[in-house]
Amino acid sequence: MSRDILMEARGITRKFGAAPDMAARIAIRLGLAKPAPVVHALDDVSLTIHRGEVVGLVGESGCGKSTLGRVIAGILAPNQGGIAWRGGDGEKAGREAGLSTQMIFQNPMAALNPRMTTEQIVAEAPLAHGLVSRRDCPAYVDKYLRLAGFDPQMKTRLPHQFSGGQRQRINIARALAVQPEFLVCDESVAALDVSIQAQIINLFMDLRDQLDLTYLFISHDLGVVEHISDRVAIMYLGRIVEEAPVEEIFARPNHPYTQALLAEIPRIEPGGKRKFTTIAGELPSPLHPPGGCHFHPRCPLAMDRCKVEAPCKKEVAPGHFSACHLNDMA
Ligand code: SF4
């Protein structure tokens with residue numbers, strides 16, 4: 001695999017909350033109103049993805065992984081930080097990244113215009129970007145539908161006439177038709193039946209080989225991520241807490257949160273008993289993230305320092321990074 005850097009997210013911070021208008025600002029200043037709550041979705045997140053790599057981004061629901069996917073795909077702007085594409089971060093690099101990065105969402109029906117035929121859906125973006133002429137468009141659409149494992153003979157039908165798996169194949173064909181290098185897949189198989197999930201995952205892997213694609217694969221499902229990824233990043237409440245090659249993270253998880261996530265995967269023990277341990281407590285609200293290490297209220301190994309000081313990422317083995325104060329004591 002080439003080790004050229006394709007995409008770098010640098011120090012991304014993203015908050016959500018209504019900006020107060022003039023009247024609200026005056027009322028807040030006079031103590032007559034409280035500031036609107038702010039959701040701290042991403043807190044100084046950095047992530048590097050190399051060309052040809054599949055990076056799995058894992059975390060509990062609400063941890064900020066979809067927001068990071070949207071920022072990386074250029075759908076959301078960060079409040080701080082930025083995205084570099086092939087090392088460049090100017091306007092030109094941004095335009096190049098915009099076309100070269102496509103996102104595939106969880107709900108295939110919601111992502112498709114119900115009034116457009118399959119052919120119109122797949123043809124729309126390549127025609128708009130001048131990637132194909134109107135005359136050559138039908139054959140072009142057929143090619144990308146076939147690549148996504150969809151029979152082009154059904155291209156005159158509307159999205160509601162298809163199953164969830166077929167709709168996701170239309171989404172994939174639409175993304176491929178703009179000739180991307182990088183796909184951001186946000187829980188792209190989570191809404192599908194298990195047998196269809198396997199087909200779509202295999203399709204992603206075939207496309208990686210055929211088209212030399214790079215993936216950010218966002219999922220709450222460690223089993224799916226283990227199957228498909230070269231490298232895994234674990235996210236907790238707006239921060240990446242651990243990052244490592246896939247075999248390393250499953251064999252030698254360093255961060256207590258990663259260890260807890262892995263302990264949650266059900267295993268069959270000798271004697272046929274199913275065993276798994278759930279993580280204590282719930283993910284705190286991103287409206288009021290805990291100070292210091294965000295994981296400290298749930299961490300069985302938390303120390304006083306963890307409540308006040310956020311840990312920095314440290315390389316604990318080649319290519320294996322973890323943000324935990326315990327590594328300073330090793
Ligand atoms: Fe637990 Fe402290 Fe490590 Fe956070 S920094 S994971 S609270 S030991």
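Residues numbered from 1 in each chain as written. Predicted model: local features only at pLDDT ≥ 70, side-chain atom pairs only at ≥ 80, totals over all residues. Heavy atoms only, no water.

Caption draft 1: Here's a closer look at the site of the ligand. Taken together, 13 residues sit near the ligand, with Cys293, Cys299, Cys306, Cys324 and His325 positioned nearest. Counting atoms within 2 Å of the grid points, the majority share of the ligand lands in the largest cavity. Class assignment of the residues belonging to the shell around the ligand gives a composition of 10 nonpolar, 3 polar and no charged. (Near = heavy atom within 4 Å. 1 Å grid on protein atoms, 1.4 Å probe; cavity = no way out; pocket = protein on both sides within 12 Å on 5 of 7 lines; lining within 4 Å. Sits in = over half its atoms within 2 Å of the grid points. Nonpolar A, V, L, I, M, F, W, Y, C, P; charged D, E, K, R; others polar.)

Caption draft 2: Looking closely at the nonpolar core. Ranked by internal contacts, the top residues of the largest apolar core, which has 39 residues, are Ile172, Val189, Phe204, Leu207, Tyr215 and Phe217. Those elements giving two or more residues to this core turn out to be α4 (118-128), α5 (137-147), α6 (164-176), β6 (182-186), α7 (194-211), β7 (214-219) and α8 (222-228). Dropping the residues within four chain positions of it, Ile172 is found in contact with Ile104, Ala148, Ile200, Leu203, Phe204 and Leu207. Grouped together as the second largest cluster of nonpolar side chains are 26 residues, Ile72, Trp85, Ala97 and Ile218 included. (Core = buried A, V, L, I, M, F, W, Y, C linked by side-chain atoms within 4.5 Å. Buried < 20%, exposed > 50% of the residue type's maximum accessible area, 1.4 Å probe, protein only. Helix = DSSP H or I, 4+ residues; strand = E, 2+ residues; numbered from the N terminus. Contact = heavy atoms within 4.5 Å.)

Caption draft 3: Local environment of the side chain of Arg231. Structurally, the position occupied by Arg231 is in strand β8 (residues 231-236). Apart from residues lying up to four places away in sequence, Arg231 is in contact with Thr48, Ile49, His50, Glu53, Val54, Val55, Gly56, Glu243, Ala244, Pro245 and Val246.

Caption draft 4: Structural detail: α5. Three or more residues of α5 are buried, namely Cys137, Tyr140, Val141, Asp142, Tyr144, Leu145 and Leu147. At its buried positions, α5 is contacted by α4, α6 and α7. Positive phi shows up at Gly149, right after α5, with a value of about 75°.

Caption draft 5: How the structure looks around the packing of aromatic side chains. Scanning the model with the defined rule gives 8 aromatic pairs in all. Centre to centre, the rings of Phe150 and Phe162 are 5.1 Å apart; their planes meet at 70°, and the pair counts as edge-to-face. Residue Phe150 is found in the loop between α5 and α6, and its partner Phe162 is found in the loop between α5 and α6; the two are separated by 12 residues along the sequence. Among the residues examined, Phe150 registers a relative accessible area of 3% and is labelled buried. Looking at Phe162, the relative accessible area reads 4%, which means it is buried. Among the aromatic side chains, those forming a connected cluster through ring pairs are Phe204, Tyr215 and Phe217. (Phe/Tyr/Trp six-rings, centres within 6.5 Å; stacked < 30°, edge-to-face > 60°.)

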